[in-house]
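Structure assessment
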Amino acid sequence: QTCALPISNSVIAGILIVVGFLGKVMVACRNKKWVRSLTQEGRLYLDCQQEKQQALEDWLDENTTSLFKSPFISKSVRWGVPFLLILDIALYLVGHFGLLSVVNLDITLAGQSFTIKNFLEFRFIESTKNTFKNGGAEMVILMWIFMGIWPYVKLLLSLVIWMVPPKYLGITRRRTALLWIDALARLSVIDIFTLIIGFAILLIFIGGPDQTIKSDGSYYALKAIVVPQAGCYCIVVAQRISRVSSQ
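Anyway, here's the lowdown on the structure attached to this text. (Residues numbered from 1 in each chain as written. Predicted model: local features only at pLDDT ≥ 70, side-chain atom pairs only at ≥ 80, totals over all residues. Heavy atoms only, no water.)

What to know about the nonpolar core
By size, the foremost hydrophobic cluster in this structure holds 10 residues: L85, I89, L91, Y92, Y152, L155, L159, C234, A238 and I241. For this core, the secondary-structure elements that each account for two or more residues are α3 (75-97), α5 (137-163) and α8 (230-245). Ranked by residues supplied to this core, first place goes to α3 with 4 residues. Filtering out sequence-adjacent residues up to four positions away, L159 remains in contact with P82, L85 and I86. (Core = buried A, V, L, I, M, F, W, Y, C linked by side-chain atoms within 4.5 Å. Buried < 20%, exposed > 50% of the residue type's maximum accessible area, 1.4 Å probe, protein only. Helix = DSSP H or I, 4+ residues; strand = E, 2+ residues; numbered from the N terminus. Contact = heavy atoms within 4.5 Å.)

Here it is as structure tokens:
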């Protein structure tokens, strides 16, 4: 049972990878089939259009500036976008290295109530280490890819696209990178789902009545309360900014 969740996650990830690869192969095959079905005149026209498109992209690569220096974009936007991207990276760093949540225990035992604060502390790196040691290697890999690595790759790539001129990063590569960012940005929502799952049991009640009914009865109550900390809020805010910046 302890391996069921990691195995299921690996199966789902494998299925998604296979489906994506097969979809790409099918699109390429259909495109080749369509090109072969064209007449000689149609192929010449297609080659002419492709040459015109390539010439236009080459001209844009040589004669346009980066978005950061574009005169057609207001100064507030030109400076605001990189500022938000850098701020987002900082928020993710705080979330990944800071304290995500703590668990407080409210205990009632034999009619006496007391509280244990900070009974457990959760940090991203320490939690993934413990999960790995407990046999959840597949889960750790998925978390590090989607929640630990991908947000930084997306933000840094977006920053490079904004700051670097087309002379060094061509129009074609920009378009491809932006399409991948838009498609994969939906995967970053997994960090929100992870937090939601973690706080789904926000209040756990264990035990029986906290008042003794019989003199010889032993009754107890235990409430484990998950309290979000700064790291949790930073990740939520950073993920929201990341989603907005990808639009």
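Additional details are given in the paragraphs that follow.
Focus on helix α6 (residues 171-184)
Helix length check: α6 (14 residues) gives 20 Å between terminal C-alpha atoms against 20 Å at 1.5 Å per residue, within 8%. Those residues of α6 that fall on the buried side of the exposure criterion are R174, A177 and I181. On an axial view of α6, the arc spanned by its buried residues comes to 70°, and they lie on one face. Among the exposed residues of α6, those pointing more than 90 degrees away from its buried face are L179 and W180. Turning to α6, the residues buried within the fold contact α5. (Expected span 1.5 Å × (residues − 1). Arc of directions from axis to C-beta.)

So yeah, pure geometry; function would need other evidence.
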